[in-house]
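Working through the structure, step by step
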Amino acid sequence: MAVKEVLSKYSKEQIKKAAQVKALFFDVDGVMTDGGIIYDETGCETKRFNVKDGYIISHLKKAGILVGIITGRESKLVSNRAAELKLDFCHQGIMDKYSVFEKLLTFHKLKRKQVAYVGDDINDLKILRNCGLSACPADALKYVQTRVDLVTEARGGEGVVREVSDLILASQGILDKILKP
(Lines give C-alpha, C1' and ligand atoms only; values in the text may rest on other atoms or scores of the structure.)
Protein backbone atom coordinates (compact mmCIF):
# COMPACT_ATOMS: atom_id res chain seq x y z
CA MET A 1 0.00 0.00 0.00
CA ALA A 2 2.73 2.50 0.91
CA VAL A 3 4.50 1.90 -2.38
CA LYS A 4 1.36 2.75 -4.35
CA GLU A 5 1.03 5.94 -2.29
CA VAL A 6 4.63 6.89 -2.98
CA LEU A 7 4.49 6.10 -6.69
CA SER A 8 1.06 7.66 -7.29
CA LYS A 9 2.48 11.17 -7.49
CA TYR A 10 5.09 10.33 -10.15
CA SER A 11 4.86 9.91 -13.90
CA LYS A 12 5.60 6.61 -15.64
CA GLU A 13 8.78 8.17 -17.03
CA GLN A 14 9.99 9.25 -13.56
CA ILE A 15 9.29 5.75 -12.18
CA LYS A 16 11.05 4.11 -15.13
CA LYS A 17 14.14 6.28 -14.61
CA ALA A 18 14.15 5.65 -10.84
CA ALA A 19 13.91 1.88 -11.41
CA GLN A 20 17.29 1.96 -13.21
CA VAL A 21 19.17 3.83 -10.47
CA LYS A 22 22.25 2.17 -8.98
CA ALA A 23 23.74 5.32 -7.48
CA LEU A 24 22.43 8.48 -5.81
CA PHE A 25 24.70 11.53 -5.75
CA PHE A 26 23.71 14.87 -4.26
CA ASP A 27 24.79 18.36 -3.32
CA VAL A 28 24.66 19.48 0.31
CA ASP A 29 23.82 23.18 0.76
CA GLY A 30 20.26 23.73 -0.44
CA VAL A 31 19.59 19.97 -0.73
CA MET A 32 20.54 18.28 2.56
CA THR A 33 20.32 21.66 4.29
CA ASP A 34 18.15 24.73 3.79
CA GLY A 35 21.14 26.47 2.22
CA GLY A 36 21.77 28.67 5.23
CA ILE A 37 25.20 28.83 6.80
CA ILE A 38 25.45 30.14 10.33
CA TYR A 39 28.73 31.40 11.79
CA ASP A 40 28.98 32.10 15.51
CA GLU A 41 31.15 34.88 16.96
CA THR A 42 34.19 32.55 16.99
CA GLY A 43 33.76 31.72 13.31
CA CYS A 44 32.41 28.22 13.89
CA GLU A 45 30.04 27.07 11.17
CA THR A 46 26.68 25.43 11.86
CA LYS A 47 24.39 23.51 9.51
CA ARG A 48 21.09 21.76 10.10
CA PHE A 49 20.57 18.34 8.51
CA ASN A 50 17.28 16.45 8.25
CA VAL A 51 17.24 13.12 10.11
CA LYS A 52 14.81 11.62 7.58
CA ASP A 53 17.38 12.12 4.81
CA GLY A 54 20.02 10.40 6.89
CA TYR A 55 17.90 7.48 7.97
CA ILE A 56 16.98 6.29 4.47
CA ILE A 57 20.61 6.17 3.34
CA SER A 58 21.26 2.95 5.26
CA HIS A 59 18.38 1.35 3.34
CA LEU A 60 19.77 2.55 0.01
CA LYS A 61 23.15 1.06 0.88
CA LYS A 62 21.59 -2.26 1.97
CA ALA A 63 19.88 -2.32 -1.42
CA GLY A 64 23.29 -2.01 -3.09
CA ILE A 65 22.84 1.61 -4.17
CA LEU A 66 25.99 3.74 -4.11
CA VAL A 67 25.45 6.99 -2.20
CA GLY A 68 27.64 10.08 -2.06
CA ILE A 69 28.14 13.82 -2.01
CA ILE A 70 29.57 16.20 -4.59
CA THR A 71 29.61 19.72 -3.15
CA GLY A 72 31.24 23.02 -4.00
CA ARG A 73 31.95 24.08 -0.43
CA GLU A 74 34.29 22.46 2.05
CA SER A 75 33.10 21.91 5.59
CA LYS A 76 34.15 19.74 8.52
CA LEU A 77 30.45 19.43 9.37
CA VAL A 78 29.78 17.81 5.99
CA SER A 79 32.72 15.43 6.48
CA ASN A 80 31.30 14.47 9.88
CA ARG A 81 27.80 13.92 8.49
CA ALA A 82 29.12 11.86 5.57
CA ALA A 83 31.12 9.67 7.96
CA GLU A 84 28.16 9.28 10.29
CA LEU A 85 25.96 8.14 7.39
CA LYS A 86 28.74 5.88 6.04
CA LEU A 87 28.46 7.42 2.58
CA ASP A 88 30.50 5.79 -0.16
CA PHE A 89 32.24 9.08 -0.90
CA CYS A 90 32.23 12.77 -0.01
CA HIS A 91 33.85 15.11 -2.54
CA GLN A 92 34.06 18.68 -1.20
CA GLY A 93 35.45 21.94 -2.55
CA ILE A 94 34.61 20.87 -6.08
CA MET A 95 34.46 23.69 -8.60
CA ASP A 96 33.88 21.41 -11.60
CA LYS A 97 31.31 18.93 -10.30
CA TYR A 98 30.77 17.40 -13.72
CA SER A 99 34.38 16.19 -14.03
CA VAL A 100 34.06 14.46 -10.64
CA PHE A 101 30.74 12.97 -11.80
CA GLU A 102 32.41 11.54 -14.91
CA LYS A 103 35.30 10.12 -12.88
CA LEU A 104 32.82 8.45 -10.52
CA LEU A 105 30.97 6.91 -13.48
CA THR A 106 34.22 5.43 -14.76
CA PHE A 107 35.53 4.31 -11.36
CA HIS A 108 32.26 2.60 -10.36
CA LYS A 109 31.51 1.34 -13.90
CA LEU A 110 28.17 3.14 -14.02
CA LYS A 111 26.15 4.34 -16.99
CA ARG A 112 24.66 7.83 -16.82
CA LYS A 113 21.13 6.38 -16.77
CA GLN A 114 22.02 4.49 -13.56
CA VAL A 115 22.74 7.65 -11.58
CA ALA A 116 20.25 9.92 -9.84
CA TYR A 117 21.52 13.37 -8.93
CA VAL A 118 19.96 16.00 -6.68
CA GLY A 119 21.18 19.58 -6.98
CA ASP A 120 19.80 23.07 -6.66
CA ASP A 121 22.00 25.61 -8.43
CA ILE A 122 23.98 26.54 -11.53
CA ASN A 123 27.00 24.41 -10.64
CA ASP A 124 24.75 21.32 -10.61
CA LEU A 125 23.14 21.86 -14.03
CA LYS A 126 25.63 19.94 -16.17
CA ILE A 127 25.24 16.81 -14.03
CA LEU A 128 21.46 17.29 -13.87
CA ARG A 129 21.34 17.35 -17.69
CA ASN A 130 23.53 14.24 -18.03
CA CYS A 131 22.31 11.79 -15.39
CA GLY A 132 19.54 9.21 -15.46
CA LEU A 133 17.19 10.82 -12.93
CA SER A 134 17.64 14.49 -12.10
CA ALA A 135 15.95 16.19 -9.16
CA CYS A 136 15.94 19.46 -7.28
CA PRO A 137 14.22 20.80 -4.15
CA ALA A 138 10.96 22.74 -4.35
CA ASP A 139 12.80 25.96 -3.51
CA ALA A 140 15.49 25.63 -6.18
CA LEU A 141 15.69 28.47 -8.67
CA LYS A 142 13.16 28.28 -11.53
CA TYR A 143 15.85 27.82 -14.16
CA VAL A 144 17.00 24.72 -12.30
CA GLN A 145 13.45 23.41 -11.82
CA THR A 146 12.75 23.62 -15.55
CA ARG A 147 15.79 21.45 -16.34
CA VAL A 148 15.15 18.43 -14.10
CA ASP A 149 13.01 15.30 -14.22
CA LEU A 150 11.65 15.88 -10.74
CA VAL A 151 11.02 18.85 -8.46
CA THR A 152 10.49 17.47 -4.98
CA GLU A 153 7.64 18.58 -2.76
CA ALA A 154 10.21 19.13 -0.01
CA ARG A 155 12.28 22.28 0.21
CA GLY A 156 16.03 22.10 0.81
CA GLY A 157 16.82 20.63 4.23
CA GLU A 158 13.27 19.31 4.67
CA GLY A 159 13.64 15.75 3.37
CA VAL A 160 14.65 16.18 -0.28
CA VAL A 161 17.03 13.21 -0.25
CA ARG A 162 14.39 11.12 1.53
CA GLU A 163 11.76 11.92 -1.10
CA VAL A 164 14.04 10.96 -4.00
CA SER A 165 15.24 7.86 -2.12
CA ASP A 166 11.68 6.71 -1.44
CA LEU A 167 10.92 7.03 -5.15
CA ILE A 168 14.00 4.98 -6.06
CA LEU A 169 13.30 2.27 -3.47
CA ALA A 170 9.57 2.09 -4.34
CA SER A 171 10.21 1.91 -8.09
CA GLN A 172 12.63 -0.98 -7.54
CA GLY A 173 10.23 -2.93 -5.31
CA ILE A 174 12.44 -2.50 -2.24
CA LEU A 175 10.35 -0.08 -0.17
CA ASP A 176 7.66 -2.67 0.51
CA LYS A 177 10.28 -5.04 1.95
CA ILE A 178 11.64 -2.28 4.18
CA LEU A 179 8.17 -1.45 5.50
CA LYS A 180 7.23 -5.03 6.39
CA PRO A 181 7.30 -5.57 10.17
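Notes on the structure follow. (Residues numbered from 1 in each chain as written. Predicted model: local features only at pLDDT ≥ 70, side-chain atom pairs only at ≥ 80, totals over all residues. Heavy atoms only, no water.)

Details of the overall build of the protein
When you go through the protein residue by residue, the secondary structure sums to nine helices and eight strands. Here the C-alpha radius of gyration of the protein, 15 Å, is about what a compact globule of 181 residues would show, namely 16 Å. On the principal axes, the C-alpha backbone points of the protein span a range of 50 × 35 × 30 Å. Evaluated residue by residue, the protein yields a buried proportion of 51% over its 181 residues. Contacts in the protein between residues at least 24 apart in sequence constitute 56% of all its contacts with a sequence separation of at least 6. For the protein, the computed accessible surface area is about 9400 Å², with 53% contributed by carbon and sulfur atoms. Charge-centre separation for the protein: the mean point of 29 positive side chains lies 9 Å from the mean point of 24 negative side chains. (Helix = DSSP H or I, 4+ residues; strand = E, 2+ residues; numbered from the N terminus. Rg over C-alpha atoms; globule rule 2.2 N^0.38 Å. Buried < 20%, exposed > 50% of the residue type's maximum accessible area, 1.4 Å probe, protein only. Contact = heavy atoms within 4.5 Å. Areas by Shrake-Rupley, 256 points an atom, 1.4 Å probe, with all protein chains shown as cover. Lys, Arg positive; Asp, Glu negative; His and termini not counted. Charge placed at Lys NZ, Arg CZ, Asp CG, Glu CD.)

Here we look at the sheet that holds strand β6 (residues 115-118)
Spatially, β5-β4-β1-β6-β7-β8 is the arrangement adopted by the six strands of the open sheet, whose pairing is parallel. This sheet does not close on itself; its edge strands, each paired only once, are β5 (89-91) and β8 (150-151). Packing of helix α5 (residues 97-107) onto the sheet brings it into contact with β1 (23-26), β4 (66-70), β5 and β6, and relative to β4 it is tilted by some 160 degrees. (Pairing = 2+ DSSP bridges. Axes fitted to C-alpha atoms, helices over the stretch in contact; angles between N-to-C directions.)

Observations concerning the layout of surface pockets
Approximately 210 Å³ is the volume found for the largest pocket. Considering the residues around the largest pocket, the lining is formed by 17 residues, among which D27, D29, G30, D120 and D121 are closest to the centre. The residue inventory of the lining of the largest pocket, partitioned by class, reads three nonpolar, five polar and nine charged. (1 Å grid on protein atoms, 1.4 Å probe; cavity = no way out; pocket = protein on both sides within 12 Å on 5 of 7 lines; lining within 4 Å. Points joined across faces, edges and corners; volume = space filled by probe spheres on them. Nonpolar A, V, L, I, M, F, W, Y, C, P; charged D, E, K, R; others polar.)

Describing the pairing of strand β7 (residues 133-136)
Side chains L133 and A135 project from β7 onto one buried face, and the interleaved S134 and C136 project onto a second face that is buried too. Note: β6 against β7, three bridges, orientation parallel. Note on β7: the bridge partner recorded for A116 is L133. Note on the crossover from β6 through helix α6 (residues 125-130) to β7: the handedness is right-handed. Pairing geometry for β7 and β8, over two bridges, is parallel. The residue of β8 that forms the bridge with C136 is V151. (Right-handed = clockwise from strand over helix to strand, strands pointing away.)

Describing the side chain of D124
Secondary-structure assignment places D124 in the loop between β6 and α6. Separated by 2.5 Å, the side chains of D124 and Y117 make a polar contact. Setting aside chain neighbours within four positions, we find D124 in contact with D27, K97, Y117 and G119. (Polar contact = N/O pair within 3.5 Å; in protein donor to acceptor, adjacent residues only side chain to side chain.)

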